[in-house]
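# Coordinate inspection notes
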Amino acid sequence: MTTYRFKAYALTPIHVGCGREIDPTEFVLADDKLFHVNIAALVNDLAPMERERFSQFLDRADLKEMQNFLRHQARGGRHILGQVDAGKAFLNEFATKASSPNNQFRVEMMPRNPYTGDPILPGSGIKGAIRTAVINYFANVNPRTAAEVQRIKNIEIKKRGQVLEEAALARQHRDTHRDVFRLVHVEDVALPRGSTRIDRAANINPNKPGAEKIQMWVERLKSQADMPSPPIFEVKVRIDTRSMKDPRLNTLLGRTLDLDLICGACNKFYWGRMTEEGDKFDKRSQNGASWQAIYNLFPKARFEDGKTVTLDPISPYWENRELKRKRVLLRMGHFSHFESLSVDNYRQGFNIQAKRPITGMGSTRTRCVMENKSFPMPFGWLIMTLDADGITEP
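Residues numbered from 1 in each chain as written. Predicted model: local features only at pLDDT ≥ 70, side-chain atom pairs only at ≥ 80, totals over all residues. Heavy atoms only, no water.

## Overview of the pairing of strand S19 (residues 381-386)
Most of S19 sits inside the fold, with 6 of its 6 residues counted as buried. Residue alternation in S19 divides its side chains into two sets, Trp381, Ile383 and Thr385 and Leu382, Met384 and Leu386, and both sets are buried. (Buried < 20%, exposed > 50% of the residue type's maximum accessible area, 1.4 Å probe, protein only. Helix = DSSP H or I, 4+ residues; strand = E, 2+ residues; numbered from the N terminus.)

Listed below in structure tokens is the structure:
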């Protein structure tokens, strides 16, 4: 295995759902932060009289008193599994509603390490984003394979997605042993403590004002959109380069991958997704202020003459070959939207509510409501950078 260690950060907020919501019997608000209490450890350390009081709160479902109790009894260390920053709007909402059993107050949380309580980015989500871009490369970019895939375009079939993947990766769906992605592994990412916060996700429809008032709260990764220096974390991508080069395995797989192909496929596909979304929702073609706010998040390069350029995937400076530095743009997580999860020219989904097929970009976006006076930001954009010393050969 060749290990590629990328330094990564969120360009815009990223939310990865895990099916878990905030339980007001486990989370407590204190010092403008939300603390996750280790209830088992705390109850074990309580004096018998205090333990009885806690049981009474549970029996009565008295969330307000329970919150006060946890706030005063939790003493850091083993009593606290972790903490999450939060925006002012959320803090006010939590203080008002979380202590009332009659109020529905849902907050979608990020997945966590079960032993430390720290948030994680699942490696499977990053690998899935890479896989979509690579399938798009074989289906639309590589001239030899694109011609092979083209034949399925007009096939009316319920399993078109499966057939597309089979054609793009040159294998039958049942032949999992021939899946080239078995030779690609992405580790789960341990995010730094304090790298997430809770904010509102707003459903925005430019043609129907009012949809953005619906309350959705999510824990999300802090990003370049929040601060000049967002949390940096390491993403480890492992590719079995030795097996990829084996002629026998090469024949069996039908397709082979290397780092250059993966990076190029991701940058081309996701930059296309970003700019198309910008044209439809952010007035990119008209130099709209919302698009400029997003575009200005990209890294900058300053030359000796003082000139500064923005580095995006089509900039000649995005990948600095002299320094062997590679940058990769990805979109991952919830609210990435249908077109970022499906292949160009072959999209086929179905809108259950509208009872019609999905072929384009739809009419709505879900954006993160920022509290730093920035425009509401799209979810899911991630930048990974690989330096020469981030490669370990087998």
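## Regarding helix H2 (residues 48-60)
It helps to recall that an α-helix has 3.6 residues per turn; residues three or four apart then point in one direction. Counted at 1.5 Å a residue, the expected span for H2 with its 13 residues is 18 Å, and the 19 Å between its end C-alpha atoms agrees. Just downstream of H2 lies Ala61, where phi reads positive at about 55°. (Expected span 1.5 Å × (residues − 1).)

## Some points on the nonpolar core
By size, the foremost hydrophobic cluster in this structure holds 80 residues, and its most contacted members are Leu121, Val235, Leu257 and Leu330. In terms of residue count, helix H10 (residues 259-281) provides more of this core than any other element does, 10 residues in total. Setting aside anything within four residues of it in sequence, one finds Leu330 in contact with Ile126, Ala129, Ile130, Cys266, Tyr270, Gly380, Trp381, Leu382 and Met384. By size, the runner-up hydrophobic cluster in this structure holds 13 residues, among which are Val84, Ala86, Phe94 and Ile198. (Core = buried A, V, L, I, M, F, W, Y, C linked by side-chain atoms within 4.5 Å. Contact = heavy atoms within 4.5 Å.)

## A look at the side chain of Asp226
Topologically, Asp226 is positioned in the loop between strand S10 (217-221) and strand S11 (233-239). Polar side-chain contacts of Asp226 include one of 2.6 Å to the side chain of Arg220. Among the polar contacts made by the side chain of Asp226, one reaches the main-chain amide nitrogen of Ser223 at a distance of 2.8 Å. With sequence-adjacent residues up to four places away left out, Asp226 is seen in contact with Arg197, Arg220, Met370 and Asn372. (Polar contact = N/O pair within 3.5 Å; in protein donor to acceptor, adjacent residues only side chain to side chain.)

## A short note on the pattern of salt bridges
Here the structure, examined in full by the defined rule, presents 31 salt bridges. A salt bridge links Lys222 to Asp85, with the nearest nitrogen and oxygen atoms 2.5 Å apart. Of the two residues, Lys222 is situated in the loop between S10 and S11 and Asp85 in strand S4 (residues 80-86); the sequence distance between them amounts to 137 residues. When sorted by exposure, Lys222 lands in the same class as Asp85, which is buried. Between Arg347 and Asp344 there is a salt bridge; the shortest N-O distance is 2.5 Å. The same class applies to Arg347 as to Asp344, namely buried. By sharing partners, the salt bridges in this structure join Glu277, Asp282, Arg331, Glu339, Arg365 and Arg367 into a single network. (Salt bridge = Lys/Arg side-chain N within 4 Å of Asp/Glu carboxyl O.)

## Re the packing of helix H5 (residues 123-141) against H10
Remark: H5 packs on H10, axes separated minimally by 8 Å, with the N-to-C direction vectors making an angle of 85°. Between H5 and H10, the angle falls in the class roughly perpendicular. Taking contact as the criterion, the partners of Ala129, Ile130, Thr132, Ala133, Val134, Asn136, Tyr137, Phe138 and Val141 in H5 are, on H10, Leu261, Ile262, Ala265, Cys266, Lys268, Phe269 and Tyr270. Tallied by class, the residues present in the contact of H5 with H10 amount to 13 nonpolar, 2 polar and 1 charged. (Axes fitted to C-alpha atoms, helices over the stretch in contact; angles between N-to-C directions. Parallel < 35°, antiparallel > 145°, perpendicular 65-115°, else oblique. Nonpolar A, V, L, I, M, F, W, Y, C, P; charged D, E, K, R; others polar.)

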